[in-house]
Amino acid sequence: MLEPEHGPVTQEEVEHSHVRCWVCVLSCLLLACLYVGSLYIWRSSLPRDHPSVIKRRSASVLLVSALSPAVVKAWMHWADIRVNAFVLELMGVRLEGLVPAAILPLILTLAFYLGPLVHSAMDNPKGFSGELQSLLDVQAWRWCVRDAVWLRNQLVAPVTEELVFRGAMLPMLVPCTGPTAAIFIAPLFFGVATGLHKDSMSIILMVSGTQFLYTTLFGAFTAFIFMRTGHVVGPVVCHAFCNSQGLPDLTSALQHPQKSAILLSYLLGLLLFLVLLFPLTDPFLYGPIPVCSLSAPA
């Protein structure tokens, strides 16, 4: 059977495509502004790590995250997007493939952090067994879940930021830019918003370059995970782990008495990360990916 021929693209279709892209960009900007703006509606002279400040800001971003599906739904209506999937499924909230989506991206992130993990174990008097003992310390976990800073860094921030900046924005970007470009464009909104989290303009000017670069690279990684798995849980888990570890401290590694072993672990971790990047995120492991159905046909 012969394939039907597609006629030439009309001017009306071109204009509709441009309008759709503008709606997409404006919707992403709206979400970014809502997220960041919600952090500053509370006027306070208290530091950002004060429990009362954390509670108010957490409530704000949780509210924005709860509203993000409505923004995506409104965008689908304005942009005339029709797809056979629920909004939450497009945003990566689904059951199929949930277990591998929560575990395999974390293994990939652990591989990247092999150097810092080995470094930490070498500095622990009890070595790797001491690190494992700390990880399994029930009392330490009880203390963590009662600490407002820990809850913000390990739970509220990863869940809300990934749901808004990955789960909501990527489905809106894909029809306009395609999956690959969306992976690199979405973190730009995330990088700007995260840079604005700083409370002082002088701090923004000093760290904005480094912070923007880091958040853009990290955002591209979690966007890649989202697009390959169709789940938001993987980006959330990776985000929480990276928040717990911070940036790899290469300066300290170079000054360590056992720097050769540590640098070797850094190199091995990077190689493992590159080797495992595509196998551990193979879409076959996660079932049909709803967000990919938004891609415009070639």
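Parameters at a glance
- Residues numbered from 1 in each chain as written.
- Predicted model: local features only at pLDDT ≥ 70, side-chain atom pairs only at ≥ 80, totals over all residues.
- Heavy atoms only, no water.
- UniProt positions renumbered as here; feature names shortened; annotations may be inferred.
- Buried < 20%, exposed > 50% of the residue type's maximum accessible area, 1.4 Å probe, protein only.
- Helix = DSSP H or I, 4+ residues; strand = E, 2+ residues; numbered from the N terminus.
- Contact = heavy atoms within 4.5 Å.
- Salt bridge = Lys/Arg side-chain N within 4 Å of Asp/Glu carboxyl O.
- Disulfide = S-S within 2.5 Å.

An unreviewed UniProt entry lists the protein under the name CAAX prenyl protease 2, with Dissostichus mawsoni given as the organism. Listed in UniProt under the heading Subcellular location (unreviewed entry), the comment for the protein reads: "Endoplasmic reticulum membrane".

> Help me understand helix 5 (residues 114–123), please; the structure alone is not making it clear to me.
Listed as buried for helix 5 are Gly115, Pro116, Val118, His119 and Ala121. Residues of helix 5 that are buried in the fold lie against helix 6 (127–135), helix 12 (250–254) and helix 13 (259–276).

> Any chance you could explain the pattern of salt bridges here in plain terms?
Oppositely charged side chains are able to pair whenever their charged atoms sit close together. What the rule picks out here adds up to 2 salt bridges. Between arginine 152 and aspartate 49 there is a salt bridge, with the nearest N and O atoms lying 2.8 Å from each other. Note that arginine 152 is positioned in helix 8 (residues 148–177) and aspartate 49 in the loop between helix 1 (11–39) and helix 2 (51–78), a separation of 103 residues in sequence. For arginine 152, a relative accessible area of 14% gives the class buried. With relative accessibility at 39%, the residue aspartate 49 sits in the partly exposed group.

> Could you clarify how one ought to interpret the state of the cysteines in this entry?
Working definition: the covalent bond between the sulfur atoms of two cysteines is a disulfide. For the structure on display, the rule yields 1 disulfide. At a sulfur-sulfur separation of 2.0 Å, the disulfide partner of cysteine 21 is cysteine 176. Judged by the sign of its S-S torsion, about 115°, the cystine formed by cysteine 21 and cysteine 176 is right-handed. Highlighted residues: cysteine 21 in helix 1 and cysteine 176 in helix 8, separated in sequence by 155 residues. Given a relative accessible area of 26%, cysteine 176 falls into the partly exposed group. Free cysteine cysteine 24: the closest other cysteine sulfur is in cysteine 28, separated by 4.6 Å. Under the relative-accessibility criterion, cysteine 24 is labelled buried at 1%.

> Teacher, can you tell me more about the UniProt feature "transmembrane region" (unreviewed entry) in the protein here?
The sites that UniProt annotates as "transmembrane region" (unreviewed entry) are residues 20–41, 61–78, 98–118, 172–197, 203–226 and 261–280. Helix makes up 100% of residues 61–78 and strand 0%. Its end C-alpha atoms lie 25 Å apart. Counted over residues 261–280, helix gives 80% and strand 0%. Its end C-alpha atoms are 27 Å apart.

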